[in-house]
Amino acid sequence: ATATNDLSSFWMPFTANRQFKSAPRMLTRAKGMFYETSEGRPVLDGTAGLWCCNAGHGDPRIVSAIQNQAAELDYAPAFQMGHPLAFTLASRLAQLMPGDLNRVFFTNSGSESVDTALKIALAYHRVRGEATRTRLIGRERGYHGVGFGGISVGGIVNNRRFFGSLLNGVDHMRHTHQPELNAFTRGQPEHGAELADDLERIVALHGAETIAAVIVEPMAGSTGVLMPPKGYLERLRSICDKYGILLIFDEVITGFGRLGSSFAVERFGVIPDLVTTAKGITSGTVPMGAVFARDGIYDAFMHGAPNAIELFHGYTYSAHPLACAAALATLDIYRDDKLFERADSLAQYWEDAAFSLKGISNVVDIRTMGLIAGIELSSRPGAIGERAFEAFLKCYDKGVMIRTTGDIIALSPPLIIEKEHIDQIFNTLAEVLPTIA
Ligand code: PMP
C-alpha cells in the first residue's frame, strides 16, 4: 500500500464542505484552554475538542498518571482477569452517579457504550422471560454515535440511509424542539413536555409487550443543543414505568460536569435504568466509555443466561489500564478543582454572554445550560449550514474554535474556562456574525 496525503480516511466527512475537507486545520499542541496550530498560532478551545476535554488540555496530573501507568502495567485483559484500577474506577464512578445506577461496564467510546446499553436492555427482558420485548425506541434528532445500534436508534436519517434498514423494530419519537414557541427561552423551554406522549402512540401501535427500551439524550447535543422541555423527562420516565420499558439516558455529552452537575441525571432529577457515557470520563485523553446500570438489570446481563456464551459481550480494551489511570486522574481533578461546581457558578455569566448575541440579524435562537450553548442562525435559502460554517471559519481565523451542526453554532468549552475566555468567545462571535450575509 502507498501512503498518500489524502486525509479522508480519518477525516470525518459529515460536513459536505469541500473547502474544509481539502484544508484540514492542523493542531499540533494544546495546553489549558488553548490549542496551538501548526503555524504556532493559539486558538481558544470553545468546544473542549469534541465536547470531551472537560478538564482542559495537558493537565500534568493526567499526563503523569498516564505515563506512570504505561510503565507499571500497560495492558491487562478484562476477561477472567482484572486489575485494581478498574475496580477503583468503577466504584468512584458509581459514587458520582445519583440513584441506584451502581454497576459499570467499560467500553472505549460513546458508540460502544450505546451498543452495550442496548444489548443490556434486550438481555434484561429476555432473561426475565419477556422475549417479545425487542423493540428499541429512539427520538428524532437523537445522536447516539455511529455503531449499527447508534445509527438505528439515532434520529438522523441521513446517517443511516446508505446502510439500509439496520436493526429491526426501531421507532423514533418526535423530537422536542419547538422553536416557534420557545425561541430565546433561558434554561428549559416552557412548552413541549406533552411530546413525551409520543411514546404512548408507539406503545399503542405495537403493544407495550414488544418494547424493550427507550433511548434519549437528556439534552440533545450534536443535533443542536436542544434543552428538554420542563417536565418532559419526568413524563417519559413515568410512561416507561407504566409499561415496563427501560429508559436509557445517553450522557456522552452531558456527563461529567457539562450542565453544571455530575450528570444530567442529577441536574434534572430523573433516574433512568441505564446511562451511557464516554468523552469527559478521561477528559478526552485516552479513549474510554462506561455504561451505568441498575443492579438487577446488570445482573441479568452478566449472569442471567443459562448458557453464558449467549450473553458474551466485552471489548479487548474494556477497562484499559491507561484509560483507567487517565479517568481516575480526571475524576480527581473534577473533585479537587471543583470543576462541576465551577461550571454551575459560571453558568449565569455564560448565559448572559451568549444572550448578548440576541438582536444580531440571522441569530434566531440562543440556548444555554451549564457550560453549553447553541446559537441558532437562520438558513440561507437552499444552503443549510452555510452561515454557521462561515462563522466557524472566521472565528478560527480570529483564534476561537467553535463547532457547527447545521445552522447551529455549538459551544462547550473546557470547564476550567475563565470569564475572560468567555468574553473572548462571545466578543469574537459578536464581531463575526454581523459580517455574514
Ligand atoms: N452519544 C452521544 C450523545 C454523542 O454525543 C456521541 C458523540 N458525539 C456519541 C454517542 C458517540 O460517541 P463516540 O464518538 O465516542 O463513539
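Because the structure is a prediction, the values reported are computed rather than measured. (Residues numbered from 1 in each chain as written. Predicted model: local features only at pLDDT ≥ 70, side-chain atom pairs only at ≥ 80, totals over all residues.)

### Some remarks on the overall build of the protein chain
The helix and strand tally for the protein chain stands at 16 helices and 15 strands. Since a compact globule built from 437 residues should have a radius of gyration of about 22 Å, the 21 Å found for the protein chain is in line with a globular shape. Each of the 437 residues in the protein chain was classed as buried or not, and the buried ones make up 49%. Here the analysis covers contacts within the protein chain between residues at least 6 apart in sequence; of these, 73% occur between residues at least 24 apart. (Helix = DSSP H or I, 4+ residues; strand = E, 2+ residues; numbered from the N terminus. Rg over C-alpha atoms; globule rule 2.2 N^0.38 Å. Buried ≥ 20, exposed ≤ 12 C-beta atoms within 10 Å, placed from the backbone. Contact = placed C-beta atoms within 7 Å.)

### Quick look at the site of the ligand
Neighbouring the ligand are 14 residues, the closest being Ser109, Gly110, Ser111, Gly145 and Val252. Ranked by the residues each element gives to the shell around the ligand, the list is headed by helix α5 (residues 110-127), at 3 residues. In terms of residue class, the shell around the ligand is built from 5 nonpolar, 7 polar and 2 charged. (Near = placed C-beta within 6 Å. Nonpolar A, V, L, I, M, F, W, Y, C, P; charged D, E, K, R; others polar.)

### Some points on unusual backbone geometry
A positive phi is found at Phe184, a non-glycine position, where the angle reads about 60°. Inspection of the secondary structure assignment puts Phe184 in the loop between α8 (179-182) and α9 (198-206). Here the phi dihedral of Phe256 falls at roughly 60°; this positive angle occurs in a residue that is not glycine. Here Phe256 lies in the loop between β8 (246-250) and α11 (264-268). On the basis of neighbour count, Phe256 is assigned to the buried category, with 31 C-beta atoms found within 10 Å.

### Examining the pairing of strand β10 (residues 289-293)
Side-chain positions along a regular strand alternate between the two faces of the sheet. Counting buried positions along β10 gives 5 out of 5 residues, so the element sits mostly inside the fold. Neither face of β10 is exposed, since Gly289, Val291 and Ala293 on one face and Ala290 and Phe292 on the opposite face are all buried. Of the pairings in the sheet, the one linking strand β4 (residues 103-107) to β10 comprises 5 bridges and is antiparallel in character. Its bridge partner being in β10, Phe106 is matched across the sheet by Ala290. Note that strand β9 (residues 274-277) and β10 share 4 bridges and pair antiparallel. From the neighbouring strand, Thr276 faces β10, where its bridge partner is Val291. (Pairing = 2+ DSSP bridges.)

### Quick look at the sheet that holds strand β11 (residues 363-369)
Taken in spatial order, the 4 strands make up an open sheet running β11-β12-β15-β14, and their pairing is antiparallel. Each having just a single partner strand, β11 and β14 (403-405) make up the two edges of the open sheet. Recorded for the sheet is a direction-independent mean angle of 20° between the axes of neighbouring strands. Across the sheet, helix α14 (residues 339-355) is in contact with β11 and β12 (372-377); its angle to β11 comes to roughly 175°. (Axes fitted to C-alpha atoms, helices over the stretch in contact; angles between N-to-C directions.)

### Brief notes about the domain arrangement of the protein chain
Here the protein chain is described as being made up of domain 1 (7-55 + 338-435) and domain 2 (64-336). A straight line from the C-alpha centre of domain 1 to that of domain 2 covers 25 Å. Taken residue by residue, the interface counts 30 residues in domain 1 and 27 residues in domain 2. Elements with a contribution of two residues or more to the side of domain 1 that touches domain 2: α2 (48-51), α14, β11, β12 and β15 (408-411). For the side of domain 1 that touches domain 2, the element with the most residues is α14, which contributes 6 residues. Its residues assigned to classes, the side of domain 1 that touches domain 2 shows 17 nonpolar, 7 polar and 6 charged. (Domains from an automatic or database assignment.)

### Things to note about the sheet that holds strand β13 (residues 400-401)
Taken together, 4 strands build an open sheet; the order of strands is β1-β2-β3-β13 and the sheet is mixed. Two strands lie at the open edges of the sheet, namely β1 (27-31) and β13, each paired on one side alone.

### Let's talk about the nonpolar core
By size, the foremost hydrophobic cluster in this structure holds 129 residues, and its most contacted members are Ile120, Ala121, Val214 and Leu274. For this core, the element with the highest residue contribution is helix α13 (residues 321-336), accounting for 10 residues. Looking at which domains feed residues into this core, each of domain 1 (7-55 + 338-435) and domain 2 (64-336) gives three or more. Excluding anything up to four places from it in sequence, Val214 contacts Ile137, Leu199, Leu236, Cys240, Ile245, Leu247 and Ile248. (Core = buried A, V, L, I, M, F, W, Y, C linked by C-beta atoms within 7 Å.)

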